[in-house]
Structures are given as structure tokens and as C-alpha cells.
Amino acid sequence: AAALPCPRPLLLRTHILVMEFLGSKGRAAPKLKDASLSLSAWTRCYSESFRILRSLLHHCKLVHGDYSEYNLVYHKDHVYVIDVGQAVGMDHPEALNFLRKDIVNANHFFEGKGVPVLPVRSIFDLA
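Just so you know, these numbers come straight off a predicted model, no measurement behind them.

**Observations concerning the environment of H108**
Stage number 1. Within the secondary structure, H108 sits in helix 2 (residues 95-112).
Stage number 2. Residue classification places H108 among the exposed positions, given a relative accessible area of 60%.
Stage number 3. Taking C-alpha positions, H108 is 22 Å from P5, a pair spaced 103 residues apart along the chain.

In C-alpha cells:
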């Protein structure tokens, strides 16, 4: 099974899913878009984010479809993915387009933070 860094599900009743709170002392962990990190921390987050993307694809057989700094959270010095419930299976007709968009979104964000990013095609081939 994939050890996906995401909030743990705590309770499921009919169509309501209660997830673990990521944060401390009542304050939510920041989304990556709101985090203030050093270049070395951003570089580590870039690497972690693509390990998550790869794990979603290879172990879970899912494509997030909205993978960006809005759905990645920085908690306890690591990246966590949220909103995985909207992910689609690899058999979805748009899965590869969504995967490409996920890679482009993440690359664009991290490049804006000064992180040297891999070309989209390289990541697509690695994923």
C-alpha cells in the first residue's frame, strides 16, 4: 500500500467524510501557497511533491487532477496532499491530460520560488 502523506480519514457516515486536522494549537497547517520557506526547503518540497504525485499514480492508480500549491499543505516540515477525493483513475479518458496539468501547475509554482525544475516531459516520463 502507498504511504501517501495526506490527512487520515477518521469517520465516514453516508456521504460525509471527516479527516484528520493538519496543524497545531488550533491553527491549520499552511497551504504551500501561504508557506514562507527557504530555497532549500522549497527544493525539498519540490522533491516531496513529485514523490507524492508518483505514488498517487503508481501505487494508487490515481491522478489528482487539481495538484497545485492550493492542495498541498506544509506540516511538520513535510508536504501533504489534500482533496484526493476528486482524483480520477488511470482509466479516465482525461487522466493523462490531468496528469500533465498537475505537473505543469506544480512546476510553475516551484519555479516561481526559485527552485530549478525538471522539464515537464522528463517528469511525465518519470511518473
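**Some words on the pairing of strand 7 (residues 78-81)**
Stage number 1. In this structure, strand 6 (residues 72-75) lies alongside strand 7, joined through four bridges in antiparallel fashion. Within the sheet, the bridge partner assigned to L72 lies in strand 7 and is V81.
Stage number 2. Between strand 6 and strand 7, which pair antiparallel in sequence order, lie two residues; one of them, K76, sits at a positive phi of approximately 50°.

**Re the confidence of the model for the protein**
Stage number 1. For the protein, mean pLDDT is 93; residues scoring 70 or higher make up 96% of the total.
Stage number 2. Of all the helices and strands in the protein, helix 3 (residues 120-126) carries the lowest mean pLDDT, 77, while strand 6 carries the highest, 98.

**Thoughts on the packing of helix 1 (residues 39-58) against helix 2**
Stage number 1. Two elements in contact, helix 1 and helix 2, have axes whose closest approach is 11 Å; the angle formed by their N-to-C orientations is 170°. Of the possible angle classes, the one that applies to helix 1 and helix 2 is roughly antiparallel. In contact with W42, C45, Y46, S49, F50, L53 and L57 of helix 1, helix 2 contributes L99, D102, I103, A106, N107, F109 and F110.
Stage number 2. For the contact of helix 1 with helix 2, a count of residues per class yields 11 nonpolar, two polar and one charged.

**As for helix 2**
Since one α-helical turn is 3.6 residues long, residues separated by three or four positions face the same way.
Stage number 1. The terminal C-alpha atoms of helix 2, which comprises 18 residues, lie 26 Å apart, in line with the 26 Å expected from a rise of 1.5 Å per residue.
Stage number 2. Burial in helix 2 covers these residues: A95, L99, D102, I103, A106, N107, F109 and F110. Buried residues of helix 2, seen end-on, are gathered within an arc of 165° and therefore sit on one face of the element. For helix 2, exposure combined with an orientation more than 90 degrees from the buried face picks out H108, E111 and G112.
Stage number 3. Following helix 2 by one or two positions, G114 has its phi on the positive side, about 90°.

What counts, and where the lines are drawn
- Residues numbered from 1 in each chain as written.
- Predicted model: local features only at pLDDT ≥ 70, side-chain atom pairs only at ≥ 80, totals over all residues.
- Heavy atoms only, no water.
- Helix = DSSP H or I, 4+ residues; strand = E, 2+ residues; numbered from the N terminus.
- Buried < 20%, exposed > 50% of the residue type's maximum accessible area, 1.4 Å probe, protein only.
- Pairing = 2+ DSSP bridges.
- pLDDT = per-residue confidence, 0-100.
- Axes fitted to C-alpha atoms, helices over the stretch in contact; angles between N-to-C directions.
- Parallel < 35°, antiparallel > 145°, perpendicular 65-115°, else oblique.
- Contact = heavy atoms within 4.5 Å.
- Nonpolar A, V, L, I, M, F, W, Y, C, P; charged D, E, K, R; others polar.
- Expected span 1.5 Å × (residues − 1).
- Arc of directions from axis to C-beta.

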